[in-house]
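Tertiary structure, described
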Amino acid sequence: MRRLTLAGNTTVITGAASGMGAEIARLLAAARVDLALIDRDAEALASLAAGLPGRVTTHVVDLREDTAVADAATQIIAAHPRINALITCAGSSMLGSIEQLTMEEMRWLLDVNLWGTVSITKALLPALRAQPAAHITHLASVYALAAPAGRIPYAMSKFAVRGFSEALRHELEDSPVTVGAVYPAGVRTGIILHGRYAAAIDPAVAARAASAQAAMHHTEPADAAARIIRATEMRRARTMVGREARLIDLIVRAAPSGYWRAMRGQLRDVTDTTTPVR
């Protein structure tokens, strides 16, 4: 499989206004890649685009809205005739046990993390198919490999993104489009500290859990972004990002039904949503 040439073509990035999406945009713009940036935060998106060289278009979209996604895809395809990469970074987190979470809260996260990813991929697929070669990179998570307590909706959404990516790769195996999933862990972004938690959780307890998980993160966003770009260029089907991801992948492979016994001690503070803060 030949390497994908991103320079001189267009990469579409969702969740581009912050975190890994923004870091990917900065690195690609510096490498002379045209960009179509998608996010629902208009102000942050405009601020990012203003500092980027080259051809950049911005598209303020709530990926939960299928009509808005379809309209944005039409605008992007009209503005960028050579779209050969899609990198989906949009997502959020959700903390809470099954007793604490409402159905509405869980559905919200699935709409953001899963259905937003599916919607934009489906909308842009015809443009990607029209290129001699193209690649789709979906950001899953290490929690698409191992499902911890206290993160049921997040794990559900990311396992589903993994399944979507793998099934889509198989559907497109005779096309110019390849599909891969990236499994980050331990990346220093704001997704945990600024993520959502069940309304039933004491905010101090949620903050403690978020801080405990953030303290375990060691990979810088720029390093993670470089690995994601490399995975896209090489059209890789599966990429681990961060030393924690590689370790968890090994643990799950070694003990597919018993990995939680090896992980729960280290994640106790991260998954505790009930013990009061003293």
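Right above here is the structure, for reference.
Described below are features of the structure shown in this document. Model, not experiment: these values are computed from the prediction.

So, about the nonpolar core. Ranked by internal contacts, the top residues of the largest apolar core, which has 35 residues, are V142, A146, Y183, I201, I248 and M263. Taken together, the elements giving at least two residues each to this core come down to β5 (94-95), α4 (103-129), α5 (152-171), β7 (177-184), α6 (203-214), α8 (243-254) and α9 (259-263). Looking at this core, the element that brings in the most residues is α4, giving seven residues. In this structure, Y183 is in contact with A140, S141, V142, A144, L145, R162, E166, R238, T239, M240, V241 and A245, ignoring residues within four places of it in sequence.

We now examine helix α7 (residues 221-233). Here α7 is 13 residues long and its end C-alpha atoms lie 18 Å apart, about the 18 Å a rise of 1.5 Å per residue gives. All buried positions along α7 are accounted for by P221, A224, A225, I228, I229, A231, T232 and E233. Residues of α7 that are buried sit in contact with α1 (19-30), β4 (83-88), β6 (134-139), β7 and β9 (238-241).

Further remarks concern the pairing of β6. Burial runs high along β6: six of the six residues are buried. Residues A134, I136 and H138 point to one face of β6 and H135, T137 and L139 to the other, with burial holding for every one of them. In terms of strand pairing, β4 meets β6 through four bridges, oriented parallel. Across the sheet, residue A85 finds its bridge partner in β6, namely H135. In the sheet, β6 pairs with β7 via six bridges, with the strands oriented parallel.

Its place among the elements puts S119 in helix α4. What makes S119 buried here is its relative accessible area of 13%. Engagement of the side chain of S119 in a polar contact is seen with the side chain of D66, the distance being 3.4 Å.

The next thing to look at is the pattern of salt bridges. What the rule picks out here adds up to six salt bridges. Across the pair R3 and E233 runs a salt bridge whose closest N-O atoms are separated by 3.2 Å. With R3 in the segment before β1 (10-14) and E233 in helix α7, the pair connects residues that are 230 residues apart, well separated along the chain. Using a relative accessible area of 47% as the deciding quantity, one classes R3 as partly exposed. Given a relative accessible area of 18%, E233 falls into the buried group. E23 is the salt-bridge partner of R26, the closest N and O atoms lying 3.3 Å from each other. In this pair, R26 and E23 both sit in helix α1, three residues apart, roughly one turn of the helix. Overall, R26 belongs to the partly exposed group, its relative accessible area being 42%. One network of salt bridges, in which partners are shared, links R238, D249 and R253.

With that settled, consider the packing of helix α3 (residues 66-79) against α4. Relative to each other, α3 and α4 sit at 30°, their axes nearing to 9 Å. One way to sum up the angle between α3 and α4 is to call them roughly parallel. Helix-helix and strand crossings are classified by hand; for α3 and α4 the assignment is right-handed. Across the interface between the two elements, D66, V69, A73 and I77 from α3 touch S119, I120, A123, L124 and A127 from α4. Its residues placed into classes, the contact of α3 with α4 shows seven nonpolar, one polar and one charged.

Each value, and the rule that gives it
Residues numbered from 1 in each chain as written. Predicted model: local features only at pLDDT ≥ 70, side-chain atom pairs only at ≥ 80, totals over all residues. Heavy atoms only, no water. Core = buried A, V, L, I, M, F, W, Y, C linked by side-chain atoms within 4.5 Å. Buried < 20%, exposed > 50% of the residue type's maximum accessible area, 1.4 Å probe, protein only. Helix = DSSP H or I, 4+ residues; strand = E, 2+ residues; numbered from the N terminus. Contact = heavy atoms within 4.5 Å. Expected span 1.5 Å × (residues − 1). Pairing = 2+ DSSP bridges. Polar contact = N/O pair within 3.5 Å; in protein donor to acceptor, adjacent residues only side chain to side chain. Salt bridge = Lys/Arg side-chain N within 4 Å of Asp/Glu carboxyl O. Axes fitted to C-alpha atoms, helices over the stretch in contact; angles between N-to-C directions. Parallel < 35°, antiparallel > 145°, perpendicular 65-115°, else oblique. Left-handed = near helix turned anticlockwise from the far one by under 90°. Nonpolar A, V, L, I, M, F, W, Y, C, P; charged D, E, K, R; others polar.

The values are spatial; any link to function lies outside them.
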